[in-house]
Structure formats: C-alpha cells, structure tokens
Amino acid sequence: MRAALGIDTSNYTTSAAVFREDGTGGNEGKLLTVKEGALGLRQSEALFQHVRELPQRFRDLEAKGLLKNIAAVGASTQPRAVEGSYMPCFLAGASQGETLAAALGVPYYGFSHQQGHVAAACWSAGRLDLLDRPLLAWHLSGGTTELLLVAPEGSNIRCGRIGGTIDISAGQLIDRTGQMLNVPFPSGKSLDRISQFSQRSDCFRVRINGLEFSLSGMENKVRDMVDAHRLPSDIARFMLLTVASAVERTTQAARRQYPGLPVVCSGGVASNSLLRQKLTGAIFAQPAYSTDNAMGTAILTMRRLQRGE
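Each chain carries its own residue numbering, running from 1 in the written order of its sequence. Thresholds applied to this predicted model are a pLDDT of at least 70 for local features of residues and 80 or more for the giving and counting of side-chain atom pairs; totals over whole chains, interfaces and linings are not thresholded and use all residues. Based on all heavy atoms of the structure, the side-chain values leave hydrogens and waters out of the count.

Draft legend 1. A look at the side chain of E219. Helix numbers and strand numbers start at the N terminus; a helix is a DSSP run of H or I with at least 4 residues, a strand a run of E with at least 2. Within the secondary structure, E219 sits in helix 6 (residues 216-227). Once residues within four sequence positions are removed from consideration, E219 is found in contact with I168, L173, R176 and M180. Only heavy atoms enter the contact rule, under which two residues are in contact if any of them lie within 4.5 Å.

Right, here's the structure in full:
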C-alpha cells in the first residue's frame, strides 16, 4: 500500500506525518523550545531547532512502522498560498522534503501551512470528502485568525481570505494574556484549563465590520483587569468568551452570505473548549490535529499522487 510523507516546520512545531491510501497514518510533532517569559522565537532560532529536531521525527515514524512504501513526499513551504507569504522556518521542511524525494526517486509537492491545517481538520473530523466541495474554514492560530472560502483546485485546495482579524490574532491575544498571568508559552491549553474555575458568562462585545473584527482593544481590557488584580480564572474566561463570541457572530454573518456551506475550524485556538461550545454546527478538528501538524500536508500529497498531478 502506497504512503505519502508530509513535513511541516511551522514557527513553533516540528512535524512529520505519513498518510496511507487506506486513509490511515500518523503524525509525530514536537514543540520548539521557547525561553520562559518569552512570546516566541526569532526565525533563525526556529530554523535551527527544526533542522536539529526533524531526524528524530522520522525515527519516531519509523518506530511505529509508518515509513514504508513512501511513494511521494510533501512539505509546507510558506504560511499561506499567496504572493509574499514567507517565513524562513519553512525552509527546513521544504529542503528535507526535496532531498528525501530525490533520494527515494519519488515526486515532491509543496503546499502552504494553511492548506495543511484545513486538510488535517477535515480528515480528523472524518470529513475528508469536504475537500472536494466549497466550504468555509477558520484558521485560528498563534499568528493567524482568518475566515477562508475554500474550494477544490484540482487535487489541491484554494484558500481565499474573506474575513478575520484586522490586527492581532486570537492566538496572540491568548499568549499575551498568558504572559500577563505568568502562564507558560504557548498559553492556550493552560488558559483553557484556568477558565474552567470561573463562573463568568459575560464578554466584551467586539465590533464586527462585515466579516472582520479587531482584538487589540481586548488586550487593553485584559491589562486593565490584571492591574485591578482580578482573578486569573475570571480574566482567562472573559478573554476566551470574547474571542468565541467574535468568531461565532462572524460565522453567522458568513453563513448568511454563503448559505449552505459547511464551516470547518482548524488551528491551535480551535481546540479551545469554550469556542467549541459556542460555535454550534461547525466541524472541528480533533484537538491533536487542531495544533500545528504535518498530517494535512501528507494528505494533500497523497491526493496529488493519486490524481497524477
């Protein structure tokens, strides 16, 4: 049975995955090391860590018996499939992918990190069929909060931005809140857990213009709450409910503009429990495949291989 190898070297996770023709496979990933109190890494440091960590990801796949019958290799080469979208950290995976494909004598394909997120979300939700029809998709992560109109493009998918934030992303707001509350980076899982100790049900009603909104004002409100010595659980819940409300109301507006299209949620922020409760009717990736991973890239690689493109 043929298998496709996918590689993703995002800003915070080194990942490698295998996807087989029968729809099974596995992903191996490791978060990059960020110094305590920091909000991220310089690209040079991220690139160094990816180069150092990738061999172990392949060894992990081999230990599970997944590196067999590799018929194609794919990698994430840029954050988004638009002109000018570039981050040096993706060079690690793209270079390894091309080298492996040449050594194995198999095709190599490049995709965007965002396309991989959408594909992984559909597969992990048991809805890989959605990649063959138009859909709405949220990419909610540390660097991106975008509402996408996704459509099939041959064996690939085209992701066009139709809405989202106009300033900081939901992930940036979450991590900056975590820093103010002395929560380790990345802060999503910890703040989600902390928020469960609060009974607050209110939020800041972010203004939505069309399908776009701003979250920078919420960052200022969080800072004011911290300065006022509010409980960390109340701060976390208030902030997360604000994000969930903005995404929910924007989704409702998008559904009116694009009636009948399914809504898929991907990216690390999509694993948040309050967002999942709020956004009824949406299709969510499994938490393990909401965060950065290479499975989506492996899936898209197999689709290209199967269709001979």
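Draft legend 2. The sheet that holds strand 5 (residues 108-112), seen in detail. Here the rule is simple: two strands pair whenever DSSP picks up at least two bridges between them. Within the open sheet, the 5 strands sit side by side as 3-2-1-4-5. Their pairing is mixed. Both edges of this open sheet fall to strand 3 (25-31) and strand 5, since each of them pairs with a single strand only. Here the average twist between neighbouring strands, direction ignored, is 20°. Convention adopted: a line fitted to C-alpha atoms gives each axis, helices being fitted over their contacting stretch, and angles between N-to-C directions are expressed from 0 to 180 degrees. Across the sheet, helix 2 (residues 90-104) is in contact with strand 1 (3-9), strand 4 (70-78) and strand 5; its angle to strand 4 comes to roughly 160°.

Draft legend 3. Expanded view of the packing of helix 4 (residues 170-180) against helix 6. Look at helix 4 against helix 6: their axes get within 10 Å of each other, and the N-to-C directions meet at 15°. Here helix 6 runs roughly parallel to helix 4, going by the angle between their axes. Two packed elements cross with a definite hand, and for helix 4 against helix 6 that hand is right-handed. Note on element contacts: helix 6 touches helix 4 through M218, E219, V222, R223 and V226, opposite L173, R176, T177 and M180. Residue classes in the contact of helix 4 with helix 6 are distributed as 5 nonpolar, 1 polar and 3 charged. What sets the label is the angle itself: under 35 degrees gives roughly parallel, over 145 gives roughly antiparallel, 65 to 115 gives roughly perpendicular, and the rest give oblique. A clockwise turn of the near helix away from the far one marks a right-handed crossing, whereas an anticlockwise turn of less than a right angle marks a left-handed crossing. Amino acids outside the nonpolar list (Ala, Val, Leu, Ile, Met, Phe, Trp, Tyr, Cys, Pro) and the charged list (Asp, Glu, Lys, Arg) are all regarded as polar, and Gly is one of them.

Draft legend 4. Broad picture of the environment of A63. Take A63: it is sitting in helix 1 (residues 43-63). For the pair A63 and T165, spaced 102 residues apart in the sequence, the C-alpha separation amounts to 41 Å.

Draft legend 5. Representation of the sheet that holds strand 9 (residues 208-209) within the structure. Read across the sheet, 7 strands follow the order 9-10-8-7-6-11-12 without closing on themselves; strand pairing throughout is mixed. In this open sheet, the two strands that pair with only one neighbour each are strand 9 and strand 12 (283-284). Pairing between strand 7 (residues 145-153) and strand 8 (residues 156-165): 8 bridges, direction antiparallel. In the strand pairing of strand 8, L149 is matched with G160. Most of the contacts of helix 7 (residues 232-257) go to strand 6 (residues 135-140), to which it runs at about 160°, and overall it touches strand 6, strand 7, strand 9, strand 10 (212-213) and strand 11 (263-266).

Draft legend 6. Highlighting the pairing of strand 3. Direction of pairing for strand 2 (residues 13-20) relative to strand 3: antiparallel, over a ladder of 7 bridges. Pairing of T13 across the sheet is with L31, part of strand 3. Counted along the chain from strand 2 to the antiparallel partner strand 3, the turn is 4 residues long, and its residue G23 has a positive phi close to 90°.

Draft legend 7. Inspection of the packing of helix 5 (residues 188-195) against helix 7 at higher detail. In contact at an axis separation of 8 Å, helix 5 and helix 7 are set at 110° when each is read in the N-to-C sense. The orientation of helix 5 relative to helix 7 falls into the category roughly perpendicular. The element helix 5 and its partner helix 7 pack so that their crossing is left-handed. Together, L191, D192, I194 and S195 of helix 5 and P232, S233, A236, R237, M239 and L240 of helix 7 make up the contact between the two elements. Of the residues that constitute the contact of helix 5 with helix 7, the class distribution is 6 nonpolar, 2 polar and 2 charged.

Draft legend 8. Highlighting the nonpolar core. For the purposes of this section, nonpolar cores are sets of buried Ala, Val, Leu, Ile, Met, Phe, Trp, Tyr and Cys residues that join through side-chain atoms within 4.5 Å. Think of it in three bands: residues with accessible area under 20% of the maximum for their type are buried, residues over 50% are exposed, and the middle band is partly exposed, with areas taken using a 1.4 Å probe on protein chains only. Grouped together as the largest cluster of nonpolar side chains are 40 residues, with contacts concentrated most on W138 and M239. Where this core is concerned, the elements lending two or more residues are strand 6, helix 4, helix 6, helix 7, strand 11 and helix 8 (273-278). Per-element tally for this core: the top contributor is helix 7, with 12 residues. Leaving out residues up to four positions away in the same chain, M239 has contacts with L173, I174, T177, L191, M218 and V222. With 31 residues, the next largest nonpolar core counts L130, L148, I299 and L305 among its residues.

Draft legend 9. Just the pattern of salt bridges, in detail. Any Lys or Arg side-chain nitrogen located within 4 Å of an Asp or Glu carboxyl oxygen qualifies as a salt bridge. Inspection of every chain in the model, using the stated rule, returns 15 salt bridges. The shortest N-O distance in the salt bridge between E153 and R158 comes to 3.4 Å. The exposure class assigned to R158 is partly exposed, which follows from its relative accessible area of 42%. Across the pair E219 and R176 runs a salt bridge, and its minimum N-O distance is 3.1 Å. Taken together, the residues E219 in helix 6 and R176 in helix 4 connect sequence positions 43 residues apart. With relative accessibility at 12%, the residue E219 sits in the buried group. Within this structure, R52, E53, R57 and D60 form a network of salt bridges that share partners.

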